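# Reading the structure
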Amino acid sequence: MSARLELKPDWARIVFVDEAGGTETTADFHYFWLRHNCPCLSGCRHVKTKERVIDAATIPLEIRPLHAALSADDEGAPALAFYWAPIATKDDGGRLVIQDEKEHVSLFPVQWLRDNAYAVNRTHIHELPPHDAALVTIDFAAYVAEHPDTGDSSQLGSTGTVLYKAALYDRLSRFGVAIIRNRGHDTEDIIHDFIDSKADVIPTHFGRIEHLRTNNTENANNDQLGYTNSAVRLHTDQCYAETVPGFQFLHCIRPADVGGENYFVHAESAANYLKTEISHRAYELLTTVPVRFDRKQAKFQALHVSPILRLSDEIDPATNERKLAQVRYSYFTQGAQTNVPFSELREWYEAQQEWDRLLYRDDFQIKAGLQTGDVVIYDNLKVLHARNGFAGPRHMAGVYLAAADLWHHLGQAKRSLAVK
């Protein structure tokens, strides 16, 4: 039996090839499982008895191999070699020590891996969320250059407008976020990139348009993080409202002198990844345990209770499980957790920490520094957004839109292209 190996971000996929039978079998292995089952006699197994001596508690669950390769064991049989950075293990006195080695090698016979495979021919898997900003970026100036208005070459013509809005539809329906470079300076004009002229934005207790800057004088209830220069970690907006706005866009009026970069996570994809690749139990807790989202300001207060991940009644035919309807996540309005029994609270916190660890991985985030005239728009039900702390007079205009208005407007452009 031979094998092929593919290293995924959180686990290894091995394809076992039975040359005699002409069949292939796929199996997935967690990296921490592989490290725990290392067969070496250099700290993992007893030299004489071959019994395991490494303690599972010393193996980081986030461990990754430095590299791996096809190899052979001492008898020439096919094997797979995994190379790890040294980890602290317990000596005979129970003290944690790090072995004096550059890298630790785990050499697994292919047949042993096949005999001990625990996730054979797994089909319900999820890849990483999109994290390449180029996938979601549109250059408005390029559309103007290629499809100018016949009366004013500095403006976008009718054909270009349809193409531009169809491109927005594609980015938002697939990735939940779109970054528009060089869009312009008029926030009111930009609103109707996304909704019909007869439709309007969704006003909130902050006002019709939020001017997110430290010296804000335009908005009510500006005693919140968005109007400071502090970092604002990943969240969705208006979690404390019964019905949250479907979309928000941010229009860069002026970037910060230092910092202030935005970043985004497709939280629907992250949640599915958590469910199938990391911890189904954590996903289960985040979809069932209610959380108090409590906005308390000097002149405003609102409360809504909901799980972080809200499921819909629609069933996914591939898994026979309910689909995710909405992510509601805001650390700064999350109230004290009082809905979990004492003996279960640690488990719920561990689930939230597992979720948070995923969200702050670089391979989960789309990062973008916005310049004057740039716009970013995102699905407030499925995408988390954040910004770094900054120095200088950064100014963003924030606008909320109804999802139905946006999909109706952009859908018209998309459908008109299909007709042509």
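This text follows the structure it describes.
Here goes a summary of the coordinates provided.

Cut-offs applied
- The numbering scheme is per chain: residues are counted from 1 as the chain's sequence reads.
- With pLDDT at 70 or above as the cut-off, local features in this predicted model cover only qualifying residues; side-chain atom pairs require 80 or more to be listed or tallied, and sums for whole chains, interfaces and linings still use all residues.
- Remark: hydrogens and water are excluded; side-chain values derive from all non-hydrogen atoms of the structure.
- Interaxial angles span 0 to 180 degrees and are taken between N-to-C directions of axes, which are lines fitted to C-alpha atoms, for helices over the stretch in contact.
- Only DSSP runs of H or I covering at least 4 residues are called helices, and only runs of E covering at least 2 are called strands; the numbering of each starts at the N terminus.
- Roughly parallel means an angle under 35 degrees; roughly antiparallel, over 145; roughly perpendicular, 65 to 115; everything else is oblique.
- Residue contacts are defined here by distance: any two heavy atoms, one from each residue, within 4.5 Å place the two residues in contact.
- Asp, Glu, Lys and Arg are counted as charged, while Ala, Val, Leu, Ile, Met, Phe, Trp, Tyr, Cys and Pro are counted as nonpolar; the rest, among them Gly, fall into the polar class.
- Between Lys or Arg on one side and Asp or Glu on the other, a salt bridge is scored when a side-chain nitrogen of the former is within 4 Å of a carboxyl oxygen of the latter.
- Using a 1.4 Å probe on the protein chains alone, a residue whose accessible area is under 20% of its type maximum counts as buried, one over 50% counts as exposed, and one in between counts as partly exposed.
- For two strands to pair, DSSP has to find at least two bridges joining them.
- Within this scheme, the nonpolar core is defined by two criteria: the residues are buried Ala, Val, Leu, Ile, Met, Phe, Trp, Tyr or Cys, and they are joined through side-chain atoms within 4.5 Å.

### With respect to the packing of helix 7 (residues 280–288) against helix 8 (residues 342–359)
Where helix 7 contacts helix 8, the two axes come as close as 9 Å, and the packing angle between them is 105°. The orientation of helix 7 with respect to helix 8, classified from their angle, is roughly perpendicular. Residue-level inspection shows Arg 281, Ala 282, Leu 285 and Leu 286 of helix 7 in contact with helix 8, the latter providing Glu 347, Trp 348, Ala 351, Gln 352 and Trp 355. In terms of residue class, the contact of helix 7 with helix 8 is made up of six nonpolar, one polar and two charged.

### With respect to the pattern of salt bridges
Within this structure, the stated rule accounts for 31 salt bridges. For the salt bridge of Arg 13 with Asp 28, the shortest nitrogen-to-oxygen distance reads 2.8 Å. Of this pair, Arg 13 sits in strand 2 (residues 11–18) while Asp 28 sits in strand 3 (residues 23–30), and the two are 15 residues apart along the sequence. For the pair shown, Arg 13 and Asp 28 are each scored as buried. Linking Glu 188 and Arg 208 is a salt bridge whose minimum nitrogen-to-oxygen distance equals 2.5 Å. Of the two residues, Glu 188 sits in helix 5 (residues 187–191) while Arg 208 sits in the loop between helix 5 and strand 11 (210–212), which places them 20 residues apart along the sequence. Taking relative accessible area as the criterion, Glu 188 reaches 37% and is therefore assigned partly exposed. Taking the relative accessible area as the measure of exposure, Arg 208 reaches 33% and is therefore partly exposed.

### What to know about the sheet that holds strand 4 (residues 67–72)
If you trace the three strands from one edge of the open sheet to the other, you get 4-5-8, paired in antiparallel fashion. Among the strands making up the open sheet, the edge pair consists of strand 4 and strand 8 (104–109). Between one strand axis and the next, the sheet turns through 25° on average, direction left out of account. In this structure, strand 4 lies alongside strand 5 (residues 78–84), joined through six bridges in antiparallel fashion. Across the sheet, Ala 69 pairs through a bridge with Ala 81, a residue of strand 5.

### As for the nonpolar core
Counting residues in hydrophobic clusters, the biggest one holds 50 residues, and the most contacted among them are Ile 308, Leu 309 and Trp 355. Ile 138, Ile 190, Ile 191 and Ala 199 belong to the second largest nonpolar core, which has 27 residues in total.

### Some points on the environment of Ala 167
One can find Ala 167 in helix 4 (residues 158–175). As a C-alpha pair, Ala 167 and Leu 410 span 243 residues in sequence and 8.9 Å in three-dimensional space. With residues up to four places along the chain from it excluded, the contact list for Ala 167 reads Ile 138 and Tyr 143.

### Brief notes about the pairing of strand 3
Note: strand 2 against strand 3, eight bridges, orientation antiparallel. Directly across from Phe 16, in strand 3, lies its bridge partner Thr 25. Count of turn residues in the strand 2/strand 3 antiparallel hairpin: four residues, of which Gly 22 carries a positive phi of about 70°.

### Quick look at the pairing of strand 8
Along any regular strand the residues' side chains alternate between the sheet's two faces. Of the two faces of strand 8, only the one carrying His 104, Ser 106 and Phe 108 is buried; Val 105, Leu 107 and Pro 109 on the other face are not. In the sheet, strand 5 pairs with strand 8 via six bridges, with the strands oriented antiparallel. Residue pairing across strands places Ala 79 opposite Pro 109, the latter belonging to strand 8.

### A closer look at unusual backbone geometry
The backbone of Asn 221 sits at a positive phi, close to 55°, despite the residue not being glycine. The residue Asn 221 is located in the loop between strand 11 and strand 12 (232–235) in this model. Looking at Asn 221, the relative accessible area reads 16%, which means it is buried. Positive phi, normally seen in glycine, also occurs at Asn 320, with a value near 60°. For Asn 320, the position within the fold is in the loop between strand 18 (309–316) and strand 19 (321–327).

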